[in-house]
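Listed here are the chains, written in short residue letters.
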Amino acid sequence: MNRIELLAPAGDLEKLKVAVLYGANAVFVGGKNFSLRSRASNFTIENLKEASSFCHEHNAKLHVTCNIVMHENDTKDLLNYLKELEEANVDAIITSSLYMAKLIKENTKMEAHISTQESTLNKEALKFYEELKVDRVVLGRELSILEIAEIRKHTNLDLEVFIHGGMCASYSGRCMLSNNMTNRDANRGGCAHSCRWNYDLLIDGKKINNETNYFSLSSKDLNGISEVSKLVDLKINSLKIEGRMKSLHYVASITNAYRKLLDEYETTNMIKDLSIYENMINKAENRLTSTGFLTGDIEDKMQLYDLNLSLPTQTFIGIVKAYDKELKMVYVEQRNFFKAFSEVEVFSPQKTFKIKINEIYDKDNNEISYCPHPLEIVHFKCDIELFPYDMLRLC
């Protein structure tokens, strides 16, 4: 059985490290130029050097997105930027520009990956990309498993498939709603997610929704955990999780769920209990999900017409920064409010278990009854050794 790549998102350096530690074989990030997530904490060249070093030390790869739809001014210094990325030891560039793909292959040693923004949905397109000598194609999210299987039969190129995360109301992200409504170009990194806004629904000019029940144009998020084994059997090369704007807890939880499922399937050729992984995902999701196009044509139940429908998320309260073995004291960077004498769940790359927090102390060693300040370092006694990047969430 082939070893499939699990590709996770990272909006900043901390999320990148968490993605790798929680099981990603590769991470995709945005640089300061040519990225479709202009509001993410995109990576400078120095950030990318640190990111590539961390990835390579942990046997993972670093992919950088350069996938905006380029206007004339956007092409300035493109080759120089690509050279800078190569010098930062980036492994691959994800691009929607055929010109950029050509530059990458002719002038660098990096891999060129064709972005999902190209809406690659058929084997004839793959033949063209083979002639262009790109290394990988990220298939459009509008394909079913059966269609992906047909494409796989006719190409030797690496294929990457989206398996989890937000879906676009338009074909592979090529949407004009944001441009029209806010003058923010979704195809140049400025998407305002207009499809997720609250809308009134009118019939013959009369509003039929009430003030608490608005209409949405968006779909449910993609959750393909049930389809992973089929994609592994098809010898798909990479499974991609979307979400560079998502939280640290989301990146860790979703990546780890897919990592553990892949490990089980690649070891035993079966999934004994899918609900284990579904429950892991549910602890981090805050939007309803469906299998999207993977299982065929979209049905009404896969659309998110009512934005009041949401999933409860298990509250992420902190991330471990250090542990003092002698004092048996754990130091935590707080992320959400929690109190002393709470029962919490410790979530780590290897296992999940519960502990009881008793007295809590602030940075000046004063006992406090609750933690109200995000990013404050607090500490408390814990007989079980915890490690940096372990996470705490309320039970």
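Numbering of residues starts from 1 in each chain and follows the order in which that chain's sequence is written. Reporting of local features is limited, given that this is a predicted model, to residues whose pLDDT is at least 70; pairs of side-chain atoms are given and counted only at 80 or more, and all residues count toward the totals for whole chains, interfaces and linings. Hydrogens and waters are ignored; side-chain quantities use all the structure's heavy atoms.

### A closer look at the packing of aromatic side chains
Ring pairs (aromatic) are described by centroid distance and by the angle formed between their planes.
Thinking step 1. In this analysis, rings of Phe, Tyr and Trp, with Trp reduced to its six-membered ring, are considered paired at centre separations within 6.5 Å, and the interplanar angle assigns stacked below 30 degrees, edge-to-face beyond 60, and tilted for intermediate values. Overall, the coordinates contain three aromatic pairs when judged by the stated rule.
Thinking step 2. Here the aromatic rings of Y22 and F347 are separated by 5.1 Å at their centres, their planes lie at 45°, and the arrangement is tilted. Here Y22, found in the loop between α1 (13–21) and β2 (26–30), pairs with F347, found in strand β16 (residues 343–347); they are 325 residues apart in sequence, far enough to count as distant. Each member of the pair, Y22 as well as F347, is classed as buried. Helix and strand definitions here come from DSSP, where helices need a minimum of 4 consecutive H or I residues and strands a minimum of 2 consecutive E residues; each element is numbered from the N-terminal end. Burial classification: accessible surface area is computed with a 1.4 Å probe over protein chains only, and a residue below 20% of its type maximum counts as buried, one above 50% as exposed, and the rest as partly exposed.

### Brief notes about helix α9 (residues 248–268)
Spacing of three or four residues puts side chains on the same side of an α-helix, whose turn is 3.6 residues.
Thinking step 1. Multiplying one less than the number of residues by 1.5 Å gives the expected span of a helix. Between its first and last C-alpha, α9 extends 30 Å over 21 residues, near the 30 Å set by a 1.5 Å rise per residue.
Thinking step 2. Of all 21 residues in α9, 17 are buried, a share of seventy percent or more.
Thinking step 3. A positive backbone phi angle near 65° is found at N269, which sits one or two residues after α9.

### A closer look at the sheet that holds strand β18 (residues 360–361)
Thinking step 1. Strands were regarded as paired on the criterion that DSSP finds at least two bridges between them. With antiparallel pairing, eight strands are arranged side by side in an open sheet as β17-β16-β22-β13-β14-β21-β18-β19. If you trace the sheet from one side to the other, it starts and ends with β17 (352–356) and β19 (367–368), each paired once.
Thinking step 2. Examined bridge by bridge, strand β13 (residues 316–324) and strand β14 (residues 329–334) share six bridges and lie antiparallel to one another. For V320, the partnering residue across the bridge sits in β14 and is V332.
Thinking step 3. Contacts are assigned to residue pairs that have any heavy atoms within 4.5 Å of one another. For every element, the axis is a line fit to its C-alpha atoms; helices are fit only across the contacting stretch, and the angle between N-to-C directions ranges from 0 to 180 degrees. Of the strands in this sheet, β13, β16 and β22 (391–394) touch α9, which is tilted by about 100° from β22.

### Points about a nonpolar patch on the surface
Thinking step 1. Residues enter patches when they are more than 30% accessible in relative terms and free of salt bridges; like-charged ones are connected within 9 Å and nonpolar ones (Val, Leu, Ile, Met, Phe, Trp, Tyr) within 5 Å. Areas reported here follow the Shrake-Rupley algorithm with a probe of radius 1.4 Å; residue values treat only the protein chains shown as occluding. Whenever Lys or Arg places a side-chain nitrogen within 4 Å of a carboxyl oxygen from Asp or Glu, that contact is recorded as a salt bridge. Together, L201, I203 and I208 make up a nonpolar patch on the protein surface, roughly 260 Å² of accessible area in all.
Thinking step 2. Its location among the elements puts I203 in strand β8 (residues 202–203).

### A look at the nonpolar core
Thinking step 1. Here the nonpolar core consists of buried residues drawn from Ala, Val, Leu, Ile, Met, Phe, Trp, Tyr and Cys, with membership extended through side-chain atoms lying within 4.5 Å. Of all hydrophobic cores here, the largest spans 73 residues; its most connected members are L16, V29, L85, I93, L139 and Y258.
Thinking step 2. For this core, the element with the highest residue contribution is α9, accounting for eight residues.
Thinking step 3. Not counting chain neighbours up to four residues away, the residues in contact with L139 comprise T116, T120, L126, I148, I151, L159, E160, V161 and F162.
Thinking step 4. If you look at the next biggest cluster of nonpolar residues, it comprises 20 residues, including I317, F353, I355 and F380.

### Quick look at the pattern of salt bridges
Thinking step 1. Across all of its chains, the model carries 23 salt bridges by this definition.
Thinking step 2. Salt-bridge contacts for K153 lead to E150; the nearest nitrogen and oxygen are separated by 3.6 Å. Of this pair, K153 and E150 both sit in helix α6 (residues 145–153), three residues apart, which is roughly one turn of that helix.
Thinking step 3. For E150, a relative accessible area of 33% corresponds to the partly exposed category.
Thinking step 4. By sharing partners, the salt bridges in this structure join E5, R136, D158, E160 and K240 into a single network.

### Considering the pairing of β17
Thinking step 1. Residues F353 and I355 point to one face of β17 and are all buried, whereas T352, K354 and K356, pointing to the other face, are not buried.
Thinking step 2. Relative to β17, β16 runs antiparallel, the two being bridged by five bridges. Bridging across to β17, E343 finds its partner in K356.
Thinking step 3. Count of turn residues in the β16/β17 antiparallel hairpin: four residues.

### A word on the packing of α1 against α9
Thinking step 1. Running from N to C, α1 and α9 cross one another at 20°; their axes reach a closest spacing of 9 Å. The pairing of α1 with α9 is recorded here as roughly parallel in orientation. Relative to α9, the crossing made by α1 is right-handed. Where α1 approaches α9, its residues E14, K15, V18 and A19 are matched on the opposing element by L248, V251, A252 and T255.
Thinking step 2. For this classification, the nonpolar set comprises Ala, Val, Leu, Ile, Met, Phe, Trp, Tyr, Cys and Pro, the charged set comprises Asp, Glu, Lys and Arg, and every other residue, Gly included, is treated as polar. Looking at the contact of α1 with α9 residue by residue, the classes come out as five nonpolar, one polar and two charged. Convention used here: angles under 35 degrees read as roughly parallel, angles over 145 as roughly antiparallel, angles from 65 to 115 as roughly perpendicular, and any remaining angle as oblique. For a crossing to be left-handed, the near helix must be turned anticlockwise from the far one by less than a right angle; the clockwise case is right-handed.

### Observations concerning the environment of I276
Thinking step 1. Here I276 lies in helix α10 (residues 274–282).
Thinking step 2. Judged by its relative accessible area of 45%, I276 is partly exposed.
Thinking step 3. Sequence spacing of I276 and K220 is 56 residues, and the spatial spacing of their C-alpha atoms is 21 Å.

Remember that the coordinates give geometry; whether it matters functionally is a separate question.
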